[in-house]
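Okay, here's what each chain looks like letter by letter:
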Amino acid sequence: MVCNGITEVSILKLNHFNVYQLNRKREIMRILNVIIVLLWFCISLQAREQQTEKSKKEAPGFKVLRAEEHYAYLKEKDESPYEKDVFDAIKYISLDSSKDIYLSFGGQYRPRFEHYSNRFWSEERDQNFYSQRFALYTNAVFGKYARLFGELYHGYTSHEKEFAENDQLDLFQAFAEFKVDFASNNIMSIRFGRQEMGLGSARLVGIREGPNIRRSYDMARIIFNRDKTKLQAFYGKEVRPLFDAFDNVFSLFDNEATNPKLWGVYTQFVINGLNGLNEIYYLGFQADNSTFNDVKGDETRHTIGIRRSGKIGNHWKYNSEVIYQFGEIGDDAISAFSIDTDWHYELLHTKWKWSPGLKLEYTSGDGEKGDGKINSFNPMFVNPAFYSLAATVTPINIIGVHPSVSFHPQKRIKLYVEWAIFWRASKHDGLYRPTRFISRAGNDSESAGIGHQYGAKVGYEVNRHFSIDFDLSYFIAGDYLEDSGEAENIFHIAPTLNYRF
């Protein structure tokens, strides 16, 4: 009787497992079918577009940082070398007879649907939700030497409120810029107010493009440009996006505000006879109540780094960076570092322009507990979607190996496939979730393997205004996750539409 009871229970569990697996397979197949149909549709659109090419070239694409766009080519619209665009009328609205004072308007609408299976490795965290971003900006230009820039943001998600995802309406950027022209190609600009800023490869200061609400700072910044040399000096505080309308308070002069501070000097330059771009920088960071492994308290961290990027010959592209950090958290001294290198080989003469690549990285983790030192690297303002839109892990206490390949089946279609393998750099330190929060303690586990992540991204640029992206990732939990808690595999897919004007 007992044996029969055990057998019946086992059969019921097996049947339940089989039904679950069948539903999972059906779910994945439905998603893949949608992707295939949309890809076919995109390729068809591209073929039609190629058949109707016009004599004039398409206008320049929109920049990631919208405040850096320039529309001087529309000053005399009849002489523009570019195709006419339906939004040309609002890109250069002249306010004086010389047309040196003008207004420019633009914006973005970005809807996205996301599906998670086992979010944060939890069996009970299957989620489906919709999110959207609305942005509208205006740029008021007063000749060559002054301008005012402002941008409004709205973010919404259909599930519970999350940081940087929900904000009814707020002032995302609002700054004044003044320029001084010392000589030919020697220009210094001063920006003051709320503004975006991205530096280098965004390992430390990124714009947070993944979530609905991007990152901005209440900041004073000086930018000096001379030929191929650029020097920036800045001091500011991160803007914390809250959930209600116009509640993101300007905090630069508020000594009571706990917003993380950022200051530093960032240089970019080239060396004659040496290919590539060189970057040397110092960044200062201060935050209240930071938590790393076995320490918690006020954090003051200093970062120095060197980065080189560029091309070697016609085929090789590289991006390498070395970073060292020091300072203190409470009474503990900081000594941390990061090393990464990213290489790609472009097969230019193949039909689809294949480009295999390999990225290697090491970001330090903490050593012995209670030794008065903290060795956990701090990526500070990195994009939460640094590894994928699933935003599962962040570059702290990570050894990563990322083989990848990208290719272009059509001119406007790009596919990128990556396999990422993660280990803990230190078995005494834990795992961290974007952006800087510990999610799994070290627990003295002897396992280093965090897991594998398979990722794919399909991007189709329908035209300069409209693009479609599909991000898909599957994270297979490793031994360390199994030792330290829930360890379900994570499946994530996020089709995104993006319309800019």
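Residues numbered from 1 in each chain as written. Predicted model: local features only at pLDDT ≥ 70, side-chain atom pairs only at ≥ 80, totals over all residues. Heavy atoms only, no water.

Novice: Explain the overall build of the chain here, please?
Specialist: Along the backbone of the chain there are 3 helices and 22 strands. The proportion of buried residues among the 501 residues of the chain is 47%. Long-range contacts, defined as pairs at least 24 residues apart, comprise 60% of the intrachain contacts of the chain with a sequence gap of at least 6. Total accessible area computed for the chain in this model is approximately 25000 Å², and 59% of it derives from carbon and sulfur atoms. (Helix = DSSP H or I, 4+ residues; strand = E, 2+ residues; numbered from the N terminus. Buried < 20%, exposed > 50% of the residue type's maximum accessible area, 1.4 Å probe, protein only. Contact = heavy atoms within 4.5 Å. Areas by Shrake-Rupley, 256 points an atom, 1.4 Å probe, with all protein chains shown as cover.)

Novice: I tried to follow the nonpolar core on my own but got confused; where do I start?
Specialist: Most often, soluble globular proteins have nonpolar side chains that are buried together. If you look at the biggest cluster of nonpolar residues, it comprises 18 residues, and the most contacted ones within it are Met197, Leu204, Val205, Phe234, Leu262 and Leu283. Put simply, the parts of the chain that give this core at least two residues each are strand 7 (217-226), strand 9 (261-271) and strand 10 (274-292). Examining the composition of this core, we find that 4 residues originate from one element, strand 10, more than from any other. Beyond its immediate sequence surroundings of up to four residues, Leu262 is in contact with Met197, Val205, Tyr217, Phe234, Tyr235, Gly236, Leu283, Gly284 and Phe381. Ranked by size, the runner-up nonpolar core spans 16 residues in total, among them Trp121, Ile398, Phe422 and Phe475. (Core = buried A, V, L, I, M, F, W, Y, C linked by side-chain atoms within 4.5 Å.)

Novice: Please explain the layout of surface pockets as it appears in this structure.
Specialist: By volume, the second largest pocket is sized at about 890 Å³. Lining of the second largest pocket is provided by 39 residues; of these, Phe163, Pro384, Pro434, Thr435 and Phe437 occupy positions nearest its centre. Looking at the lining of the second largest pocket, the elements that each hand over two or more residues are strand 2 (101-117), strand 10 and strand 19 (437-440). In terms of residue count, the dominant contributor to the lining of the second largest pocket is strand 10 (6 residues). Here the residues of the lining of the second largest pocket sort into 19 nonpolar, 6 polar and 14 charged. (1 Å grid on protein atoms, 1.4 Å probe; cavity = no way out; pocket = protein on both sides within 12 Å on 5 of 7 lines; lining within 4 Å. Points joined across faces, edges and corners; volume = space filled by probe spheres on them. Nonpolar A, V, L, I, M, F, W, Y, C, P; charged D, E, K, R; others polar.)

Novice: Would you explain the environment of Ser131 in this entry?
Specialist: Tracing the chain through its elements places Ser131 in strand 3 (residues 127-142). For Ser131, a relative accessible area of 1% gives the class buried. In this structure, the C-alpha to C-alpha distance between Ser131 and Pro211, residues 80 residues apart in sequence, is 9.2 Å. If we ignore the near neighbours within four places in the chain, the residues touching Ser131 are Arg110, Pro111, Arg112, Glu114, Tyr156, Thr157 and Asn212.

Novice: Would you explain the pairing of strand 20 (residues 449-461) in this entry?
Specialist: Side-chain direction in a regular strand flips from residue to residue, so the side chains alternate between the two faces of the sheet. One ladder, built from 11 bridges, connects strand 17 (residues 413-424) with strand 20; its direction is antiparallel. Counterpart to Glu418 in the pairing with strand 20 is Gly455. As paired elements, strand 20 and strand 21 (residues 466-477) share 11 bridges and run antiparallel to each other. Note that in strand 21 the partner of Gly459 across the bridge is Asp469. Between strand 20 and strand 21, which pair antiparallel in sequence order, lie 4 residues. (Pairing = 2+ DSSP bridges.)

Novice: What am I meant to see in empty space enclosed by the protein here?
Specialist: In the structure shown here, the tally under the stated rule is 5 cavities of 30 Å³ or more. In this model, the largest cavity occupies a volume close to 80 Å³. Around the largest cavity, the lining comprises 14 residues; the ones closest to its centre are Phe172, Ile213, Ser216, Val239 and Asn248. Tallying contributions element by element places strand 5 (residues 167-183) first for the lining of the largest cavity, with 4 residues. Among the residues forming the lining of the largest cavity, the class breakdown is 6 nonpolar, 2 polar and 6 charged.

Novice: It is not clear to me how the packing of aromatic side chains should be interpreted in this structure. Could you clarify?
Specialist: The description of an aromatic ring pair uses the distance of the two centres, along with the angle that the planes make with each other. Applying the stated criterion across every chain, the model contains 31 aromatic pairs. On the basis of an interplanar angle of 5° and a centroid distance of 6.1 Å, the ring pair of Trp419 and Tyr454 is categorised as stacked. Placement of the pair is Trp419 in strand 17 and Tyr454 in strand 20, with a sequence separation of 35 residues. Through pairs of rings, three or more aromatic residues link up here, namely Trp121, Phe386, Tyr387, Phe422 and Phe475. A cation over a ring is seen here: Arg424 above Tyr480, with NZ or CZ 3.9 Å from the ring centre. (Phe/Tyr/Trp six-rings, centres within 6.5 Å; stacked < 30°, edge-to-face > 60°. Lys NZ or Arg CZ within 6 Å of the ring centre and 35° of its normal.)

Novice: Help me out: how do you make sense of a negative patch on the surface in this one?
Specialist: Residues Glu123, Glu124, Asp126, Glu486 and Glu488 make up a contiguous surface patch of negative charge. Along the polypeptide, Glu124 turns up in the loop between strand 2 and strand 3. Judged by relative accessible area, which is 74%, Glu124 ranks as exposed. (Patch = residues over 30% accessible without salt bridge, like charges linked within 9 Å, V, L, I, M, F, W, Y side chains within 5 Å. Salt bridge = Lys/Arg side-chain N within 4 Å of Asp/Glu carboxyl O. Lys, Arg positive; Asp, Glu negative; His and termini not counted. Charge placed at Lys NZ, Arg CZ, Asp CG, Glu CD.)

Novice: So what exactly am I meant to see when it comes to a nonpolar patch on the surface here?
Specialist: On the surface, a cluster of nonpolar side chains totalling about 580 Å² of accessible area is made up of Ile304, Val322, Tyr324, Phe326, Phe337, Ile339 and Tyr362. Elements supplying a minimum of two residues to the nonpolar patch: strand 12 (316-329) and strand 13 (332-345). Element by element, the count of residues in the nonpolar patch is highest for strand 12, at 3 residues. Within the secondary structure, Phe337 is located in strand 13.

Novice: Looking at this model, I keep getting lost on unusual backbone geometry. Mind explaining?
Specialist: Backbone geometry follows two general trends: most residues other than glycine have a negative phi, and most peptide bonds adopt the trans configuration. The amide bond that connects Pro434 to the next residue, Thr435, takes the cis arrangement and shows omega of -5°. Considering the arrangement of structural elements, one finds Thr435 in the loop between strand 18 (431-433) and strand 19. We note that Lys99 has phi near 65°; this positive angle belongs to a residue other than glycine. Phi at Arg208 is positive, roughly 60°, even though this residue is not glycine. By secondary structure assignment, the location of Arg208 is in the loop between strand 6 (186-195) and strand 7. A relative accessible area of 1% means that Arg208 is categorised as buried.

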